[in-house]
Amino acid sequence: MVAHEAAPAPLPAGAEPLHLRLRNHLRDDILQGRLAPLAQLPSEAELIGRFGVSRITVRHALAALHAEGLITKVQGKGSFVAPPRLSQSLDRLRGLSESLTGEGHEVQARVVASSDAPATAAVARRLGLDSGTPVTELLSLRYVDRQPLSLNRLLMAAPLGARVRKADIGRRDVVDLYEADFGLTVGHAEVEISATPAGRLQRKHLGLAEHAPVLQVERLVHDGDGRPLHLETSWYRHDGFSYRVRLAR
């Protein structure tokens, strides 16, 4: 007996174009848990054969899911269900490790660049320094559950920067170092949150496409007496992170 290839499975009927019906079908699989977080989606060829649609239809459907943040694309490997979106509460000043480790996540950081240079007028003003005072810049990549989440730039006076450089920031927040190892009191932070297109460094380290958006978070951290300790700018993947705020009236 000759085996016959299975006929393509029809997409649900509807007035929408095929690529939207395919997108909705895959979206339901993701949201209903039939495709688990980090699971690999069928290849383009498999989707074409399974549903009897064209390659352009498949690509439009996958592009729509990617734009929604439901899937991620890995060059040369295919498309994967995006990991659950992480969130951090803004109810008090905490580092990322302190916030997420308590929820069962593994947080790590890797320093990718470090340098000292005279402070520009703008940086000196934010840090309460004279223009031209040496400052340390630390660029680090943070991973949550071994997936890259954010690129971070720390700017601080060089003497403090030298101490931070010697410390292990791979698994510890800088504010924890200040309090536990350096004997400093952390008082408050001024936070500004905005959306911006990913630049070259963000695209390189976070695996983002050109023109992809990132969540930019700037924190100016002060000690207990109100003196600036460091200026931190973090760029988070748009599909992986959000902040939670509780507002009372």
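Per chain, residues are indexed from 1 in the order of the written sequence. Totals for whole chains, interfaces and linings use all residues, but because this is a predicted model, local features are given only for residues with pLDDT of at least 70 and pairs of side-chain atoms are given and counted only at 80 or more. As a rule here, side-chain values cover all heavy atoms of the structure and leave hydrogens and water aside.

**Student:** I'd like to hear about the environment of S114, residue by residue, with values.
**Tutor:** Numbering of helices and strands starts at the N terminus; helices are DSSP runs of H or I of at least 4 residues and strands are runs of E of at least 2. Here S114 shows up in strand β4 (residues 107–118). Think of it in three bands: residues with accessible area under 20% of the maximum for their type are buried, residues over 50% are exposed, and the middle band is partly exposed, with areas taken using a 1.4 Å probe on protein chains only. Overall, S114 belongs to the partly exposed group, its relative accessible area being 38%. Each C-alpha atom of the pair S114 and L139 lies 6.3 Å from the other, and the pair is 25 residues apart in sequence. In this analysis, two residues are considered to be in contact whenever any of their non-hydrogen atoms come within 4.5 Å of each other. If near-sequence neighbours (up to four positions away) are discounted, S114 is found in contact with E137, L138 and R165. Only 2.5 Å separates the side chain of S114 from the side chain of R165, close enough to count as a polar contact. As used in this structure description, the phrase polar contact means that two N or O atoms lie within 3.5 Å; if the pair is within protein, one of them must be able to donate a hydrogen and the other to accept it, and residues adjacent in sequence are counted only when both atoms belong to side chains.

**Student:** How would you explain helix α3 (residues 55–67) if you had to name every residue and give the values?
**Tutor:** Each helix should span, by expectation, one fewer than its residue count multiplied by 1.5 Å. The first and last C-alpha atoms of α3 sit 18 Å apart over 13 residues, in line with the 18 Å expected at 1.5 Å per residue. Buried positions along α3 lie against α1 (18–31), α2 (44–51), β1 (71–74) and β2 (78–81). Positive phi appears at G69, one or two residues downstream of α3, with a value of about 80 degrees.

**Student:** Please set out the side chain of D223 residue by residue, giving values where relevant.
**Tutor:** As for its placement among the helices and strands, D223 is situated in strand β8 (residues 213–223). At 2.9 Å, the side chain of D223 and the backbone nitrogen of D225 are in polar contact. Excluding residues that lie within four positions of it along the chain, D223 makes contacts with T185, V186, G187 and L229.

**Student:** Which residues make up the sheet that holds strand β5 (residues 134–144), and what values do they have?
**Tutor:** When DSSP finds at least two bridges between two strands, those strands are taken to pair. Pairing in this open sheet of 6 strands is antiparallel, and the strands run β4-β5-β6-β9-β8-β7 from one edge to the other. Each edge of the sheet is formed by a strand with only one pairing partner; in this case those strands are β4 and β7 (186–197). The sheet shows a mean angle of 15 degrees between the axes of neighbouring strands, taken without regard to direction. Judged from the 9 bridges that link them, β8 and strand β9 (residues 228–237) form a sheet pairing that is antiparallel. When the sheet's bridge partners are listed, R219 is paired in β9 with E232. Axis lines are fitted to C-alpha atoms, over the contacting stretch for helices. Their N-to-C directions set the angle, which ranges from 0 to 180 degrees.

Spatial relationships are all this shows, so hold off on functional conclusions.
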